[in-house]
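The residues making up each chain are set out below.
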Amino acid sequence: MNAIAQWWLRPVPLARFAVLRTIVYLFVPIDLFARTAQVVPQAYGSRQLYDPVELLAAIHQPAPSPWFVQALRVVIIVTSLAAATGRGSRLFGWIVALAFLDWCCLAMSYGKVDHDHLAILVAVFVLPTVRGGSWRSHTDSEAAGWALRCIEVAVIATYFLSAYAKFVRFGHPHWLLGATFSWAVVRRGTFVATPLLHHPLVLLLAQWGLFALEALTPLVLFLGRRGRIWAVVALESFHLITEATIRINFLPLMVCLLVFLPLEEFAAWTSRFLLWQRHSIQGHRSAAL
């Protein structure tokens, strides 16, 4: 039990946490327009199309009105930008967590549930649990370690459960042995992917490769620094290829993948750059005088 607790609570640099917090909160407003923009037009549509996900059904939340979703969007944008500054991040963070959860549930209450939002929803709920922390922090924190570990597990669960769904719950062996990718290219392929229809073996091997990649992602949780970096490069590349070939993007998941990187090094580099820039400006002013 101690080994499990140590793994969950292993301290991480507060600067790493602070950088990821900024990135996540800056992305949330983007998500409202890039991935879940359908919430607003859905509210102007027929209420009969509203089929609430289990969470909204449990609290008996009715079909949203246009004024409600417009106000909810404003609240999410304002509080996310405020939380991104690091000041009042706990108060603003909890508001973001509840409001963004409601927004995402509304987005998925009209027939399609996207699994790419699991990690970012976990992120907005664990980020407010950590007090303080900035890009210039030089200490480690168990609380930050627990929060980042939760996000890591959510990211990996997204991939691994996707593999489980492909082979066990829905697709079964047909997903691996059938024309899954060929169908995807025919349905929504770009000019990059269309030529691959003449090479079905390549598409079949790609299916096996994707399944293996997703099934093996739990190993990333136990990799060292260099291994994690390469894993992030591989997974981010996969998402870029998916977007380029069949126009499916996983932007929220791509953002949360950054949790595996040593972001504190980026924070240190940024601080050095800003300091150099400040001295450079002061030097030019002194020379002008």
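Just so it is clear, the model here is predicted, and its values are computed rather than measured.

Basis of the calculations
- Residues take numbers from 1 onward in each chain, read along the sequence in its written order.
- Given that this is a predicted model, residues contribute local features only at a pLDDT of at least 70 and side-chain atom pairs are listed and counted only at 80 or more, while totals for whole chains, interfaces and linings are drawn from all residues.
- Excluding hydrogens and water, the side-chain values take into account all heavy atoms of the structure.
- Secondary structure elements are taken from DSSP: a helix is a run of H or I of four residues or more, a strand is a run of E of two residues or more, and numbering for both begins at the N terminus.
- Identification of polar contacts relies on pairs of N or O atoms within 3.5 Å, with a donor-acceptor requirement for protein atoms, meaning one able to donate a hydrogen and the other able to accept it, and with residues adjacent in sequence counted only if both atoms are side-chain atoms.
- A contact between two residues is defined here by any heavy atoms of the two lying within 4.5 Å.
- We call Phe, Tyr and Trp rings a pair once their centres come within 6.5 Å, taking the six-membered ring for Trp, and we label the pair stacked below 30 degrees between planes, edge-to-face above 60, and tilted otherwise.
- A 1.4 Å probe rolled over the protein chains alone gives each residue an accessible area, and that area as a share of the maximum for its type sets the label: buried under 20%, exposed over 50%, partly exposed in between.
- Only lysine NZ and arginine CZ atoms are considered, and such an atom sits over a ring when it is within 6 Å of the ring centre and within 35 degrees of the ring normal.
- The rule for a disulfide is simple: a pair of cysteine sulfur atoms within 2.5 Å.
- Fitting a line to C-alpha atoms yields each axis, with helices limited to the stretch in contact; the angle taken between N-to-C directions then spans 0 to 180 degrees.
- If an angle is under 35 degrees, it is roughly parallel; if it is over 145, roughly antiparallel; if it lies from 65 to 115, roughly perpendicular; otherwise it is oblique.
- In the scheme used here, Gly and all other residues not listed as nonpolar or charged are polar, with Ala, Val, Leu, Ile, Met, Phe, Trp, Tyr, Cys and Pro taken as nonpolar and Asp, Glu, Lys and Arg as charged.

**Student:** Explain the side chain of T36 residue by residue, including any values.
**Tutor:** Counting through the fold element by element, T36 comes out in the loop between α2 (14-34) and α3 (39-44). At 2.8 Å, the side chain of T36 forms a polar contact with the side chain of W103. With residues near it in sequence (within four places) discarded, T36 still touches D31, W103, A107 and H117.

**Student:** Explain unusual backbone geometry to me, using residue names and the numbers behind them.
**Tutor:** For residues besides glycine, phi is generally negative; the peptide bonds are generally trans as well. In this structure, H60 is a non-glycine residue whose phi angle is positive, near 55 degrees. Of note, the phi angle at R247 is positive, near 55 degrees, even though the residue is not glycine. Relative to the helices and strands, R247 is located in the loop between α12 (225-246) and α13 (251-256).

**Student:** Explain the packing of aromatic side chains to me, using residue names and the numbers behind them.
**Tutor:** Aromatic rings considered in pairs are described by the distance between their centres and by the relative angle of their planes. Counted by the stated rule, this structure contains eight aromatic pairs. Between W67 and F68, the ring centres sit 5.9 Å apart and the planes meet at 90 degrees, which makes this aromatic pair edge-to-face. Relative to F181, the ring of W175 has its centre 5.8 Å away and its plane inclined at 85 degrees; by these criteria the two rings are edge-to-face. You can call W175 buried: its relative accessible area is 14%. Aromatic rings pair up to connect W7, W8 and F222 into one cluster. Positioned above the aromatic ring of W7 is the side chain of R149, whose terminal nitrogen or guanidinium carbon lies 5.7 Å from the ring centre.

**Student:** I'd like a description of the state of the cysteines, backed by residues and values.
**Tutor:** Linking two cysteines covalently via their sulfur atoms produces the bond known as a disulfide. Per the counting criterion, the structure on display carries zero disulfides. Note on C104: no disulfide assigned, nearest cysteine sulfur contributed by C105 at a separation of 7.1 Å. On the accessibility criterion, C104 (2% relative accessible area) is buried. For C105, a relative accessible area of 11% corresponds to the buried category.

**Student:** Tell me what's going on with the side chain of T180, and back it up with residues and numbers.
**Tutor:** Along the chain, T180 turns up in helix α10 (residues 180-188). Since its relative accessible area comes to 19%, T180 is described here as buried. Among residues more than four places away in sequence, those in contact with T180 are H174, W175 and Q207.

**Student:** Which residues make up the packing of α10 against helix α11 (residues 200-215), and what values do they have?
**Tutor:** Where α10 contacts α11, the two axes come as close as 8 Å, and the packing angle between them is 110 degrees. Taken as axis vectors, α10 and α11 run roughly perpendicular relative to one another. Contact residues: T180, F181, S182 and V185 in α10; L203, A206, Q207 and L210 in α11. Partitioning the contact of α10 with α11 into residue classes produces five nonpolar, three polar and no charged.

None of this, on its own, says anything about what the molecule does.
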